[in-house]
Amino acid sequence: MVAAYREIPPSARLRRYVECYWSQSREEASDQIVLPDGCVDILFSRSGGEPVGLATVGLMTTPLKLHGAPAQSYFGVRFRPGMASSFIPGAEMLTDETRPLDDLIGSAAQHMLERLAELDSLEAMGGLMDQLLRPLDPPDIADRVLWELESAEVSAGGSLDQCISQSGLSVRHFRRLCLERSGVSPKYLSRILRFRKAAQKIVDMQTAQPSWADFAVACGYYDQAHFIREFQEFAGCTPGRFLQSRRRDLD
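Residue positions within a chain follow its written sequence, with the count starting from 1. Only residues with pLDDT of at least 70 are given local features in this predicted model, and only at 80 or more are side-chain atom pairs given and counted; all residues enter the totals for whole chains, interfaces and linings. Hydrogens are left out, water is left out, and the side-chain values use all remaining heavy atoms of the structure.

Engineer: Is there a simple way to explain the state of the cysteines in this structure?
Structural biologist: Joining two cysteines, a disulfide is a covalent bond between their sulfur atoms. Throughout, a disulfide means two cysteine sulfur atoms within 2.5 Å of one another. By the definition in use, this model includes zero disulfides. Left unpaired, Cys163 is separated from the closest cysteine sulfur, that of Cys178, by 9.5 Å. For Cys163, a relative accessible area of 4% gives the class buried. Per-residue accessibility, obtained with a 1.4 Å probe over protein chains only, is compared with the maximum for each type, and a residue is labelled buried under 20%, exposed over 50%, and partly exposed between these values.

Engineer: What am I meant to see in the environment of Leu14 here?
Structural biologist: Checked against the element boundaries, Leu14 lands in the loop between β1 (6-8) and β2 (18-26). On a C-alpha basis, the gap between Leu14 and Phe79 in space is 9.6 Å, while along the polypeptide they are 65 residues apart. Working rule for contacts: check all heavy atoms of both residues, and any pair within 4.5 Å makes them a contact. Excluding anything up to four places from it in sequence, Leu14 contacts Tyr21, Phe87, Met129, Asp130 and Leu133. In this description a helix means any DSSP run of H or I spanning at least four residues, a strand means any run of E spanning at least two, and both kinds are numbered starting from the N terminus.

Engineer: Could you clarify how one ought to interpret the pairing of strand β7 (residues 72-79) in this entry?
Structural biologist: β7 sits mainly inside the fold: seven of its eight residues count as buried. Any two strands between which DSSP finds at least two bridges are classified as paired. The pairing of β2 with β7 spans eight bridges and is classified as antiparallel. When the bridges of β7 are listed, Ser25 appears paired with Ser73. Here seven bridges tie strand β4 (residues 41-47) to β7, and the two strands are oriented antiparallel to one another.

Engineer: I would appreciate a short explanation of the packing of aromatic side chains in the present structure.
Structural biologist: The description of an aromatic ring pair uses the distance of the two centres, along with the angle that the planes make with each other. Planes of paired rings set the category: under 30 degrees apart is stacked, over 60 is edge-to-face and the rest tilted, where pairs are Phe, Tyr or Trp rings (Trp by its six-membered ring) whose centres lie within 6.5 Å. Under the defined criterion, the tally for this structure stands at 13 aromatic pairs. Consider the rings of Tyr17 and Phe87, whose centres lie 5.0 Å apart with planes at 90 degrees: the pair is edge-to-face. In this pair, Tyr17 sits in the loop between β1 and β2 while Phe87 sits in the loop between β7 and β8 (98-100), placing the two residues 70 residues apart along the sequence. Side by side, Tyr17 and Phe87 carry an identical accessibility label, which is buried. With a centroid separation of 5.9 Å and an interplanar angle of 80 degrees, the aromatic rings of Tyr188 and Phe234 are classed as edge-to-face. Within this pair, whereas Tyr188 is found in helix α7 (residues 186-203), its partner Phe234 is found in helix α9 (residues 224-235), the two being separated by 46 residues in sequence. Using a relative accessible area of 0% as the deciding quantity, one classes Phe234 as buried. One aromatic cluster is present, formed by Tyr188, Phe195, Trp212, Phe215, Tyr221, Phe227, Phe231, Phe234 and Phe242 through successive ring pairs. One cation-aromatic arrangement involves Arg16 over Tyr17; the distance from NZ or CZ to the ring centre is 5.8 Å. For a ring to carry a charge above it, either NZ of a lysine or CZ of an arginine must fall within 6 Å of the ring centroid while also lying within 35 degrees of the normal to the ring plane.

Engineer: Please clarify how the sheet that holds strand β5 (residues 50-57) should be interpreted in this entry.
Structural biologist: Spatial ordering of the open sheet is given by β1-β2-β7-β4-β5-β8, a layout of six strands whose pairing is antiparallel. Lying at the two open borders of the sheet, with one neighbouring strand each, are β1 and β8. Each strand of the sheet is rotated relative to its neighbour by a mean of 25 degrees, with strand direction disregarded. Bridge count between β4 and β5: seven bridges; the pairing is antiparallel. Each residue of the ladder has a partner; that of Ser45, found in β5, is Gly53. Each axis is a line fitted through C-alpha atoms, and for a helix only the stretch in contact is used; angles between axes span 0 to 180 degrees, taken between their N-to-C directions.

Engineer: Would you take a moment to explain the side chain of Arg194 for this structure?
Structural biologist: Examined against the element boundaries, Arg194 turns out to sit in helix α7. We define a polar contact as two N or O atoms separated by no more than 3.5 Å, with the added condition that, inside protein, one atom must be a possible hydrogen donor and the other a possible acceptor, whereas residues neighbouring each other in sequence contribute only through side-chain atom pairs. Polar contacts involving the side chain of Arg194 include one to the side chain of Glu230, which spans 3.0 Å.

Engineer: How do you make sense of the environment of Met60 when you look at a structure like this?
Structural biologist: Its place among the elements puts Met60 in the loop between β5 and β6 (64-68). Residues Met60 and Pro36, 24 residues apart in the sequence, show an inter-C-alpha distance of 4.9 Å. Ignoring anything within four residues of it in the chain, the contact list for Met60 reads Val34, Leu35, Pro36, Asp96 and Ile192.

Engineer: Mind showing me how you'd approach α9 here?
Structural biologist: It helps to recall that an α-helix has 3.6 residues per turn; residues three or four apart then point in one direction. To estimate how far a helix should reach, multiply one less than its number of residues by 1.5 Å. Here α9 contains 12 residues, and its C-alpha end-to-end distance of 16 Å stays within 8% of the 16 Å for a straight helix at 1.5 Å per residue. The complete set of buried residues in α9 reads His226, Phe227, Glu230, Phe231, Phe234 and Ala235. Seen from one end, α9 has its buried residues packed into an arc of 130 degrees, which puts them on one side. The N-terminus of α9 is capped by Asp223, whose side-chain oxygen sits 3.3 Å from the backbone nitrogen of Ala225. Starting at the helix axis, one direction is taken to each C-beta atom, and the arc is that of these directions.

Engineer: Please explain the pattern of salt bridges as it appears in this structure.
Structural biologist: Pairing of side chains with opposite charge becomes possible as their charged atoms draw close. Salt-bridge detection follows one rule: a side-chain nitrogen of Lys or Arg within 4 Å of a carboxyl oxygen of Asp or Glu. As enumerated under the stated definition, the model contains 15 salt bridges in all. A salt bridge links Glu19 to Arg78; the nearest nitrogen and oxygen atoms lie 3.9 Å apart. In this pair, Glu19 is assigned in strand β2 and Arg78 in strand β7, connecting sequence segments 59 residues apart. In terms of burial, Glu19 and Arg78 fall into one category: buried. Of the charged contacts in the structure, one is a salt bridge between Arg196 and Glu19, with a shortest N-O distance of 2.5 Å. With Arg196 in helix α7 and Glu19 in strand β2, this residue pair connects regions lying 177 residues apart in the sequence. Accessibility expressed as a relative area gives 19% for Glu19, which makes it buried. Salt bridges linked by common partners bring Glu7, Glu19, Asp37, Asp41, Arg78 and Arg196 together as one network.

Put into structure tokens, the structure is as follows:
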């Protein structure tokens, strides 16, 4: 069984960089599927109440199956797409990888681990990270580009082009900044973000089975076939099967 998942926002100073702080705990051994969301996370884990370690989970392009042990708990810092590299050198190189945080930031990771190990609540750990997280450089044009890309209603067709046009940058410059900060191209990142939005809509869905053709268009896909193909790529299953699995989890 997976206990209730919780999120809290970061301080106002960090909201352009950090989407949320989150926590989750397991009372029993269980498997969990984590879907791509375009983000990089710092992950602090405990087992049986004892700290296990501090890791950096890179941007994912495929679903990740986690085999959770009993009495295991997690605290995470979820950075907005492309923003982890403002705090963690090399975060953009970790696509589909998980690395110990001290590989990337050295002794500062040990200090962070020791401080987190002293705390128990999500609020206390989030407050600590509000204090410890400091961007390596002042905000720059790359931060603005990624913020606009995340905020845009990216859809198949022209929305990404519109986002690039509004940035005032050339297509090549926009693409280079996105690759440098997120590790993937703007088009690929926008596909992940569109999938994430569609998956969340399915999670929140009240109807037994929607019209997938209408749903696909509403989420910015060309048609139902396009939607199902991309959903299978990122989720490893069809939208219908994903909806059924979410319903079973709630039963």
